[in-house]
Amino acid sequence: MQLTSSAAAVNADLLHFVLRTPRWFWIAAAVLGLVLAVGIAGEVVMIVVGLQVLGLTNTVSWAVLITNFIFWVGISHAGVMISAILRLTHAEWRRPITRCSEVLAIFALLTAALFPLIHSGRVWRTIYWVFPYDFTRDIWPNIRSALIWDPAAILTYLTGTVLFVYVGLLPDLAVARARSSGFRRRLYAALSLGFRGTSRQWRIQATASLLLSALILPVFVSVHSIVAWDLSMAILPAWHTTLLAPYFVIGAVHSGVAGVVIVMAVLRRALRLEAYITREHFENIGRLQLVVAFGYIFFFLSDFYFGLFSRDAIEEQIWHLRLFESPTNLLMYAQILTTIVLPLPLWFIPRVRQNPALMFFISIGVNIGMWLERYLLVVTPQSLKQPFVFTWVSTYEPRPMEYLFTFVAMAIVATGVLVFAKLLPIVPLAEIKEGLTTDAAGHLPRA
Amino acid sequence: MLLGIFREPEALRGAMLALRAAAFGGRDLTVLSSVPYPEGTFGEEAEPHRLHVFPFVGAACGFAVGLLLTIGTQLSNPLVTGGKPLLSIPPMLNILFEATLLGAIIFTVAGVIFESRLPDVSGLPRDPRIEEGMLGLAVRASAPTRQGEAEQLMREHGAIDVVQC
């Protein structure tokens, strides 16, 4: 097929869902809208009734909502990591999956940012604590608190990711403008800023792609390190460890890559992208998951060993609670099973890696396990807070509202990705076309 | 202005070389494509740009803003903790790191827009065939004789269409 007809076919395929709406979109949008409405109702109830709708106790003050925050920040990580590293290394197979990874990162991060706000109970007051400006009380945010570093890091990461996606979208918006009409045409024309595809503009695009990739990678590492420091800057045993930052980062990559696999599998099926997101992509990302899983095992075991070798009585009790006391130990066994024991041997089998459905279900399992890992890291050390032993306080148990918010978070991310895919090309047209013009060495096939 | 439409990159490259041999300057010739071809595919001149400078300027600005913010907030709310100095450098480093990178990223994107000459007011012609994978060669030629010469050269080298814009 000639490049001209190939490029036209790429435009037709990848803009099909953007410009035409199948019936299933409305059904999906209605279901997700309903879940979001229930979530908003839950938030209103929590504001009116108060934080007692959560299962928090005198000792366990950070629980499911903060677990959700850490989990979704983690999911947001691999998106940009995959995109940036694959761009910097000129990995050819990156082309169809970079944007969906970046978009997942944006919506996961936005969802994560909701949870500290919800957790605060009085959402509107958080601005006094975070925003770097004195409003009325002559009290400024305390930059010595890790809770101030956190919004600074997340704001940087979110802004960087949005701009990263936007720069890559410019050429695709110009194509979408040419293929659309009416309001959409005006919207795409405005957003594309009149991008024309001159040689200079393509050169700038190529340079910008590398520059932004290189700039966003340190932010990606810093964000989850700072999220880990939310815990490790406290003097609580099992939280107060230097290991927590890299452990959180590798855990974030483990869950994030699994998140990207889930999105890839769903988009491939729903948008009929089998010709673009192929089994080879799942094969490659499966290999990546294998490598990341080994890194994760190293940090998981290090956390365990250092916990025991510290000979700290409280830390030993925390590990006893995690390993031997029901129901906490069941959660820990489920975590180990779904993040390490089951996926690792399966990822060694090429046929499994090349099977999108299997990769989808394994990745769902990994993310269930990673959520449990975050929960155990956050909740169990608080359950044994010393020296304030509130013996009359019952064990922490999540309440229905916490389950609801956890479920709604998934719907928020799904809605974000769905709406993005409906309005803008979720597979980068320009990158796919670039792949058609070059061979693996970056030269024209006939040059 | 003339816009030649080409199907093959080799044809456009041939036309480009012929036009330059006929004394059309590099600034008079602009390749338009919806496909990012490798640099120099069409024999066009590589225009220098300064995109690499933008992240450094942005980083410096971000660092300065971060410094102002961190020092300003600590001095505006002089909360002495444990007898330690008021200006605490280790936590400042976290904010400074983020502010520096945020500045670098924002300036890089501003640089992309500036160096790409966006929003586009160049008056370069549009043709929907370019968005569908064909290649365009815009030739600036004001004199009718030069226009005729350019059109002839482009057609000789495989332009499937030449339109006056």
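Above this text is the structure in question.
Residues numbered from 1 in each chain as written. Chains lettered and ligands numbered in written order. Predicted model: local features only at pLDDT ≥ 70, side-chain atom pairs only at ≥ 80, totals over all residues. Heavy atoms only, no water.

**Considerations on the overall build of chain B**
Then step 1. If you tally the helices and strands in chain B, you get five helices and four strands.
Then step 2. Written out in order from the N terminus, the α and β elements of chain B read β-α-β-α-α-α-β-α-β.
Then step 3. Relative to the compact-globule value of 15 Å for 165 residues, chain B shows a C-alpha radius of gyration of 26 Å, a clear excess of over 25%.
Then step 4. Principal-axis analysis of the C-alpha atoms gives chain B an extent of 85 × 25 × 25 Å.
Then step 5. For chain B, the proportion of its 165 residues judged to be buried stands at 49%.
Then step 6. The long-range share in chain B, meaning contacts at least 24 apart out of those at least 6 apart in sequence, stands at 82%.
Then step 7. Here chain B contributes 12 positive and 17 negative side-chain charges, whose respective centroids are spaced 5 Å apart. (Helix = DSSP H or I, 4+ residues; strand = E, 2+ residues; numbered from the N terminus. Rg over C-alpha atoms; globule rule 2.2 N^0.38 Å. Buried < 20%, exposed > 50% of the residue type's maximum accessible area, 1.4 Å probe, protein only. Contact = heavy atoms within 4.5 Å. Lys, Arg positive; Asp, Glu negative; His and termini not counted. Charge placed at Lys NZ, Arg CZ, Asp CG, Glu CD.)

**Considerations on the overall build of chain A**
Then step 1. Within chain A, the secondary structure is distributed over 17 helices and zero strands.
Then step 2. Computed over C-alpha atoms, the radius of gyration of chain A comes to 23 Å, within 12% of the 22 Å expected from 2.2 N^0.38 for 447 residues, which places it in the range of a compact globule.
Then step 3. Dimensions of chain A, computed from C-alpha atoms along their principal axes, come out at roughly 75 × 55 × 40 Å.
Then step 4. When the 447 residues of chain A are sorted by exposure, 58% land in the buried category.
Then step 5. Here chain A has roughly 18800 Å² of accessible surface; of this, 69% comes from carbon and sulfur atoms. (Areas by Shrake-Rupley, 256 points an atom, 1.4 Å probe, with all protein chains shown as cover.)

**With respect to the packing of aromatic side chains**
Two measures describe an aromatic ring pair: the distance that separates the ring centres and the angle between the ring planes.
Then step 1. Taken as a whole, this structure holds 18 aromatic pairs over all chains when the rule is applied.
Then step 2. Plain terms: the ring middles of Phe 294 of chain A and Phe 348 of chain A are 6.2 Å apart, the flat faces sit at 70° to each other, and that makes the pair edge-to-face. In this pair, Phe 294 of chain A is assigned in helix α10 (residues 279-309) and Phe 348 of chain A in the loop between α13 (343-347) and α14 (350-353), connecting sequence segments 54 residues apart.
Then step 3. Considering the side-chain rings of Phe 360 of chain A and Phe 361 of chain A, the 5.1 Å spacing of their centres and the 80° angle between planes classify their relative orientation as edge-to-face.
Then step 4. Taken together, the ring pairs in this structure connect Phe 17, Trp 24, Phe 25 and Trp 26 of chain A into an aromatic cluster.
Then step 5. The lysine or arginine in question, Lys 422 of chain A, covers the ring of Phe 25 of chain A, its NZ or CZ lying 6.0 Å from the ring centre.
Then step 6. In this arrangement the basic side chain of Arg 146 of chain B is found over the ring face of Phe 24 of chain B, its NZ or CZ atom lying 3.9 Å from the centre. (Phe/Tyr/Trp six-rings, centres within 6.5 Å; stacked < 30°, edge-to-face > 60°. Lys NZ or Arg CZ within 6 Å of the ring centre and 35° of its normal.)

**Points about helix α9 (residues 244-270) of chain A**
Then step 1. Helix length check: α9 of chain A, at 27 residues, gives a terminal C-alpha distance of 38 Å against a target of 39 Å (1.5 Å per residue), a fit within 8%.
Then step 2. For α9 of chain A, the tally of buried residues reaches 23 of 27 residues, placing the bulk of the element in the interior. (Expected span 1.5 Å × (residues − 1).)

**Focus on helix α15 (residues 356-383) of chain A**
For an α-helix the count is 3.6 residues per turn, leaving residues at separations of three or four pointing the same way.
Residues and elements named next belong to chain A.
Then step 1. The first and last C-alpha atoms of α15 sit 40 Å apart over 28 residues, in line with the 40 Å expected at 1.5 Å per residue.
Then step 2. Within α15, the axis deviates most sharply at Leu 376, by approximately 25°.
Then step 3. Within α15, 22 of the 28 residues are buried, which leaves it mostly tucked inside the rest of the structure.
Then step 4. In this structure Asn 355 caps α15, since a side-chain oxygen of it lies 3.0 Å from the backbone nitrogen of Ala 357. (Bend = angle between axes of the 7 residues up to and from the residue. Polar contact = N/O pair within 3.5 Å; in protein donor to acceptor, adjacent residues only side chain to side chain.)

**Quick word on a nonpolar patch on the surface**
All names here are of chain A.
Then step 1. Taken together, the side chains of Ile 40, Val 44, Val 45, Val 48 and Val 49 present a nonpolar region at the surface, about 450 Å² in accessible area.
Then step 2. Tracing the sequence through the fold places Ile 40 in helix α2 (residues 23-49).
Then step 3. Exposure remark for Ile 40: the relative accessible area of 58% places this residue in the exposed category. (Patch = residues over 30% accessible without salt bridge, like charges linked within 9 Å, V, L, I, M, F, W, Y side chains within 5 Å. Salt bridge = Lys/Arg side-chain N within 4 Å of Asp/Glu carboxyl O.)

**Some details on the interface of chain A and chain B**
Then step 1. Taken together, the 59 residues of chain A in the interface contact 61 residues of chain B.
Then step 2. In this assembly, chain A packs against chain B so that about 5700 Å² is buried in total across both faces, 63% of it on carbon and sulfur atoms.
Then step 3. Broken down residue by residue, the surface that chain A buries against chain B is led by Arg 144, Arg 196 and Arg 200 of chain A, which jointly contribute 16%.
Then step 4. In this structure, the connection of chain A to chain B is made through four salt bridges.
Then step 5. Measuring nitrogen to oxygen at the nearest pair gives 3.2 Å for the salt bridge that ties Arg 196 of chain A to Asp 120 of chain B.
Then step 6. At the junction of chain A with chain B, the criterion picks out 15 residue pairs in polar contact (both at pLDDT 80 or more). (Buried area = accessible area lost by both parts, 1.4 Å probe.)

**Here's the deal with the nonpolar core**
Then step 1. In this structure, Trp 72, Ile 82, Ile 285 and Ile 426 of chain A are the most contacted members of the largest nonpolar core, which totals 151 residues.
Then step 2. The element that contributes the greatest number of residues to this core is helix α6 (residues 146-179) of chain A, accounting for 16 residues.
Then step 3. Core analysis: the second largest hydrophobic core is formed by 25 residues, Ala 7 of chain A together with Ala 18, Leu 19 and Phe 42 of chain B among them. (Core = buried A, V, L, I, M, F, W, Y, C linked by side-chain atoms within 4.5 Å.)

**Side note on the packing of helix α4 (residues 98-120) of chain A against α9 of chain A**
Residue and element names in this part refer to chain A.
Then step 1. Packing of α4 against α9 leaves a shortest axis separation of 10 Å and a crossing angle of 120°. One finds that α4 runs oblique with respect to α9. Where α4 crosses over α9, the two elements pack in a sense that is right-handed. Across from Cys 100, Ser 101 and Leu 104 in α4, the residues of α9 making contact are Gly 259, Val 260, Val 263, Met 264 and Leu 267.
Then step 2. Here the residues of the contact of α4 with α9 sort into six nonpolar, two polar and no charged. (Axes fitted to C-alpha atoms, helices over the stretch in contact; angles between N-to-C directions. Parallel < 35°, antiparallel > 145°, perpendicular 65-115°, else oblique. Left-handed = near helix turned anticlockwise from the far one by under 90°. Nonpolar A, V, L, I, M, F, W, Y, C, P; charged D, E, K, R; others polar.)

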